Amino acid sequence: MKNTRGFFQCLTLGLLGVFFGACEHKELCMDHSHAMLFDVVFDWELAPGAEPESMSLYMFPNGGGRPVRHEMPGNAGGTIRIQTGSYGALCFNGDTECIRCLHTETLEGFEITTREASLLQGFSLPGFNAPPPRAEGTEGERVASEPDMLWSGRAESLVFDKASDRRTAVFFPEPSVRTYTVEIRDAENLEHVSGMSASVSTMAGGILPGRGPGVLTEEKVTIPFEVSVSPDGNSITGRFRSFGHCPSEQNSHKLTVYALLEDGTKWYYVYDITRIFHEAAGAGGTHIVLEGLPVPQPVGGDGFDPSVDEWQQIDVDIEM
């Protein structure tokens, strides 16, 4: 009985050895017989001066299957090992904080968007837990972080048919976001403001870089951004990045400025910037200039009063 049990133990171990040995041999075969070296070059002709700290490269098998992601330090490129076959490819810089990637299974479905954000970007309101009001018609939009600076490029068909060959592919990343600046002149009583923030509504929530440059998603988002008072105390300025706006139809855009005064009163100013925004964007400009920010004189005592809980709305007319 003892010898029989020993026989079956030896037989089992032998079979396991054959099984695992076969798997190991197949993996080695995949590495050497059906794989090749692939040189990646990032050419920054379309984005002079861009110096991202790292680049992400996604390779999508055209015959189906999961994409393979490679991370490369610096912005020059590098060498990777890839299985023979036909691929689509997508690259973008990896040194980002707010970027999210969705639907990453296919090149055409690949979406780049941003994380959720606080509407009051740059300052907080102690004692108030409720979110601030939104401009009319924008209440259902997701509040999204502005995107990090982003450059992307793609290739639809890269063929690797001989493992003995060594291919080089050159990608031309280009800017995938745009920077806008806002200036509001002739502001009043800014010396009594203890906190200020702004947001712009109905911007594109993301891009589909695998379909080509400038292809936007249909999601509409509100992007908060910080503003600051000019040295002379008569205007405020701000800057924000966006993937773009109006992917398939002309939408309206609202600029909202939130202001917290020394006495604890809270004000928000709504500008309908649709026309001026579209004209500036259509002409290739990025600078939006507005007139008038009627901040009132403080009405209460000294210091912050958390009992003042109502936001006061002012719609500011824009003279065109």
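Structure: above.
As the structure is a prediction and not an experimental result, all values here were calculated from the model. (Residues numbered from 1 in each chain as written. Predicted model: local features only at pLDDT ≥ 70, side-chain atom pairs only at ≥ 80, totals over all residues. Heavy atoms only, no water.)

S.K.: When you look at the sheet that holds strand S7 (residues 111-114) in this model, what are you seeing that I'm missing?
M.R.: The strands making up a sheet associate through hydrogen bonds between their backbones, and the pairing can be parallel or antiparallel. Reading across the sheet, the three strands line up as S6-S7-S14 and stay open at both edges, with antiparallel pairing between neighbours. Each edge of the sheet is formed by a strand with only one pairing partner; in this case those strands are strand S6 (99-102) and strand S14 (206-207). Direction of pairing for S7 relative to S14: antiparallel, over a ladder of two bridges. Each bridged residue has a counterpart across the sheet, and for Thr113 the counterpart in S14 is Gly206. (Pairing = 2+ DSSP bridges. Helix = DSSP H or I, 4+ residues; strand = E, 2+ residues; numbered from the N terminus.)

S.K.: Looking at this structure, I do not really get the sheet that holds strand S4 (residues 77-83). What am I missing?
M.R.: Reading across from one edge, S4-S1-S10 is the order of the three strands in this open sheet, with mixed pairing throughout. Each edge of the open sheet carries a strand with a single partner, namely S4 and strand S10 (167-171). Between one strand axis and the next, the sheet turns by 30 degrees as a mean value, whatever way the strands run. Where strand S1 (residues 35-42) and S10 come together, five bridges link them in parallel fashion. For Val40, the partnering residue across the bridge sits in S10 and is Ala169. (Axes fitted to C-alpha atoms, helices over the stretch in contact; angles between N-to-C directions.)

S.K.: It is not clear to me how the environment of Met55 should be interpreted in this structure. Could you clarify?
M.R.: Relative to the assigned elements, Met55 resides in strand S2 (residues 54-61). A relative accessible area of 0% means that Met55 is categorised as buried. For the pair formed by Met55 and Phe92, sequence separation is 37 residues and the distance between their alpha carbons is 5.7 Å. Each residue touching Met55, except ones within four places of it in the same chain, is listed here: Phe42, Trp44, His70, Glu71, Met72, Gly74, Asn75, Cys91, Phe92, Asn93, Gly94 and Pro173. (Buried < 20%, exposed > 50% of the residue type's maximum accessible area, 1.4 Å probe, protein only. Contact = heavy atoms within 4.5 Å.)

S.K.: Help me understand the packing of aromatic side chains, please; the structure alone is not making it clear to me.
M.R.: Two measures describe an aromatic ring pair: the distance that separates the ring centres and the angle between the ring planes. Inspection of every chain in the model, using the stated rule, returns 15 aromatic pairs. Between the aromatic rings of Phe38 and Phe160, the centroid separation amounts to 4.9 Å while the plane-to-plane angle is 65 degrees, which identifies the pairing as edge-to-face. Within this pair, whereas Phe38 is found in strand S1, its partner Phe160 is found in strand S9 (residues 151-160), the two being separated by 122 residues in sequence. Relative accessible area serves as the criterion here: at 0%, Phe38 is assigned to the buried category. (Phe/Tyr/Trp six-rings, centres within 6.5 Å; stacked < 30°, edge-to-face > 60°.)

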